[in-house]
Amino acid sequence: MQRPARSAPAFLGRAALCFAAVFVSLFALLWLACCVPGQPVRNNIRRSVPLLQAEGLYPAYFDFKLFQMDNYTDTIMLFEAAAVDETDPLTAMMVNTTYNVDNFETMPDDLALYLDARAEGAALPGTLTAFSYARYWHGYLIWLRPLLAVMTYAQVRIVQYIVLFALLAAVLWRLWRCAGWRPVLWFALSQAAVSVFFVPRQVQFFTTFFLAYIGCLWVLWGRGIRTAPDMALMLLTLGAATAFCDLLVTPILTLGLPVAVWLVCVPQRLCSGPRQCAAVISQSLCWGVGYGVCWALKWVLAGLITGRDVIGDAIHQMGVRTAADTWHGIELTWGNILRFVFNTLNDRGLFWPLVALALVGVALFVLCRRDTAALGRALPLGLTALMAPAWLALLRAHSIQHGWFTWRALAPTVFAGLAFVYSSCSLKAGWRRLTRRSK
């Protein structure tokens, strides 16, 4: 039985407290990470540079674009971790200095030059150009800098593999206990579909999957989250943590996966499908508020502390990510985007097999659908499955520019989509229709 609904002022008060608690905690943790002595960090990064130089900036497993890695962004992260003690921790948190972002082809070599100069106490080479990445919080430094103080980048990857797959195993185990084997299968398939086995290899890929699994366990652990207001508060804090730690990689994971898990484990029998849809929408808005307010706080604080126009830069970049006109000479109309997707898939011989698979899927759905009431109860899952496509469409320029990692945002679509199909379809219903028509 659900607890009585709380009044709006009480909920807003709790929401403000939850946001303040998570923000202050993350801020303090990042400040402490920036206080970690810089020399051990740089020593381990220096031992890591040969690995980056050998792998290159964009190694791809099986020579496949969707399995492409991103040593470029991780090198920026290592630069930031190495450069923190150029100034005091608070200023470093606001400025987020890295080097030679635009001249990306030489990033690993530039990192080696920087580390050599810092080790010798010499002036930085004139080829190194400082760049302020102040529009993000860069909260991944909370764990990256302490780890780099005692291990190399390659060993950080190992730690990330251990942590992420331990969390994944915990999510699957709790799903089994709370909802049975089917959601476990759906969740495992959704993660395999987005190649989760490559995710811990990059710090930037790891972050949102880590937070999404934490959110799923938050829903599942103990008695779990059973009321829509409690779920909204959890998503508010998770949205704030995502904005603090992520570099706009796949943030929608931290909304879609916990919501889908909640819907699977708190069945629609508790309220009607349309009412549950309203809960999903309100919870998503809470996640968005946490995400947006936390991110905007960085622009305001960084501008006040550094005197730079961080807000102007952030607003400009928002326009670039959402409404850029061209990319690599391609005008980003929907027609050109669809042609780009078609050519990319067709070059790999995947387009027509995927079209055939989609047509078969639609035909089976129509054949096996349950009654209208069942479809209505499944609507919240269908709505959740649409979150990632809507996000990718909203940030279409960013989605196309970085399609080789943004596609992993579709994990909630696969999980919620499979749950939607199971809830709204039945093989028995399909068999009855087939046998009725054959008579």
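Cut-offs applied
Residues numbered from 1 in each chain as written. Predicted model: local features only at pLDDT ≥ 70, side-chain atom pairs only at ≥ 80, totals over all residues. Heavy atoms only, no water. Axes fitted to C-alpha atoms, helices over the stretch in contact; angles between N-to-C directions. Helix = DSSP H or I, 4+ residues; strand = E, 2+ residues; numbered from the N terminus. Parallel < 35°, antiparallel > 145°, perpendicular 65-115°, else oblique. Contact = heavy atoms within 4.5 Å. Nonpolar A, V, L, I, M, F, W, Y, C, P; charged D, E, K, R; others polar. Patch = residues over 30% accessible without salt bridge, like charges linked within 9 Å, V, L, I, M, F, W, Y side chains within 5 Å. Areas by Shrake-Rupley, 256 points an atom, 1.4 Å probe, with all protein chains shown as cover. Salt bridge = Lys/Arg side-chain N within 4 Å of Asp/Glu carboxyl O. Buried < 20%, exposed > 50% of the residue type's maximum accessible area, 1.4 Å probe, protein only. Phe/Tyr/Trp six-rings, centres within 6.5 Å; stacked < 30°, edge-to-face > 60°. Lys NZ or Arg CZ within 6 Å of the ring centre and 35° of its normal. Core = buried A, V, L, I, M, F, W, Y, C linked by side-chain atoms within 4.5 Å. pLDDT = per-residue confidence, 0-100. Left-handed = near helix turned anticlockwise from the far one by under 90°.

Chemist: Residues and numbers for the packing of helix α14 (residues 334-347) against helix α15 (residues 351-368), please.
Modeler: For the pair α14 and α15, interaxial distance at closest approach is 7 Å and the crossing angle is 105 degrees. With respect to their mutual orientation, α14 and α15 come out roughly perpendicular. Each of F342, L345 and N346 in α14 lies in contact with α15, whose residues at this interface are F351, W352 and L354. Here the contact of α14 with α15 is built from residues that sort into five nonpolar, one polar and no charged.

Chemist: Tell me about a nonpolar patch on the surface, and please be specific about residues and values.
Modeler: Nonpolar side chains collect at one region of the surface, where L29, W31, L32, L90, V300, L304, I305, I311 and I315 lie side by side and expose about 810 Å² of accessible area between them. Residue assignment for the nonpolar patch shows that the elements contributing at least two residues are α1 (8-34), α12 (273-306) and α13 (310-323). Looking at where L32 falls in the secondary structure, it is placed in helix α1. Exposure remark for L32: the relative accessible area of 48% places this residue in the partly exposed category.

Chemist: If you had to explain the packing of aromatic side chains to someone new, which residues and values would you point to?
Modeler: In this structure the tally under the stated criterion is 38 aromatic pairs. Geometrically, the ring pair formed by F27 and W137 is edge-to-face, given 6.0 Å between the ring centres and 80 degrees between the ring planes. With F27 in helix α1 and W137 in the loop between β2 (130-132) and α6 (141-148), this pair connects stretches of sequence that are 110 residues apart. Classification of W137 as buried rests on a relative accessible area of 0%. Ring centres 4.7 Å apart and planes at 15 degrees place the aromatic pair W137 and F244 in the stacked group. Residue W137 is located in the loop between β2 and α6, and its partner F244 is located in helix α10 (residues 228-245); the two are separated by 107 residues in the primary sequence. Following the ring pairs from residue to residue traces out a cluster consisting of F131, Y133, Y136, W287, Y291, W295, W299 and W391. When the ring centre of W221 is taken as reference, the NZ or CZ atom of R174 above it lies at 5.4 Å.

Chemist: Outline the nonpolar core, supporting the account with residue identities and numerical values.
Modeler: Judged by nonpolar contacts, the single largest core of 128 residues is most densely connected at I45, F187, Y213, F244 and V261. If one sorts the elements of this core by residue count, α10 sits on top with twelve residues. Beyond its immediate stretch of four places on either side in the chain, I45 contacts L78, A81, A82, L111, L115 and L148.

Chemist: Explain unusual backbone geometry to me, and be specific about the residues and the numbers.
Modeler: The phi angle at F62 is positive, at roughly 55 degrees, despite the residue not being glycine. A positive phi angle, close to 60 degrees, is found at L248, a residue other than glycine. Its location among the elements puts L248 in the loop between α10 and α11 (253-265). Its relative accessible area of 5% is what places L248 among the buried residues.

Chemist: Just give me the short version of the confidence of the model for the chain, but keep the residues and values in it.
Modeler: This prediction gives the chain a mean pLDDT of 88; 92% of its residues lie at or above 70. Strand β3 (residues 326-327) is the least confidently modelled element of the chain, averaging 63 in pLDDT, while α6 averages 97, the highest of any element.

Chemist: Tell me about the side chain of T384, and please be specific about residues and values.
Modeler: Within the secondary structure, T384 is located in helix α16 (residues 372-385). Take T384: its relative accessible area is 0%, and that puts it in the buried class. Once residues lying within four places of it in the same chain are set aside, the contact partners of T384 are G256, V259, A260, L263, V280 and A416.

Chemist: Could you give an account of the packing of α11 against α12, with specific residues and numbers?
Modeler: At a closest axis distance of 11 Å, the pairing of α11 and α12 adopts a crossing angle of 150 degrees. Our classification of the angle between α11 and α12 gives roughly antiparallel. α12 is crossed by α11, and the crossing has right-handed handedness. Facing α11, whose interface residues are T254, L255, V259, W262 and L263, α12 presents Q276, V280, Q283, S284 and W287. For the contact of α11 with α12, a count of residues per class yields six nonpolar, four polar and no charged.

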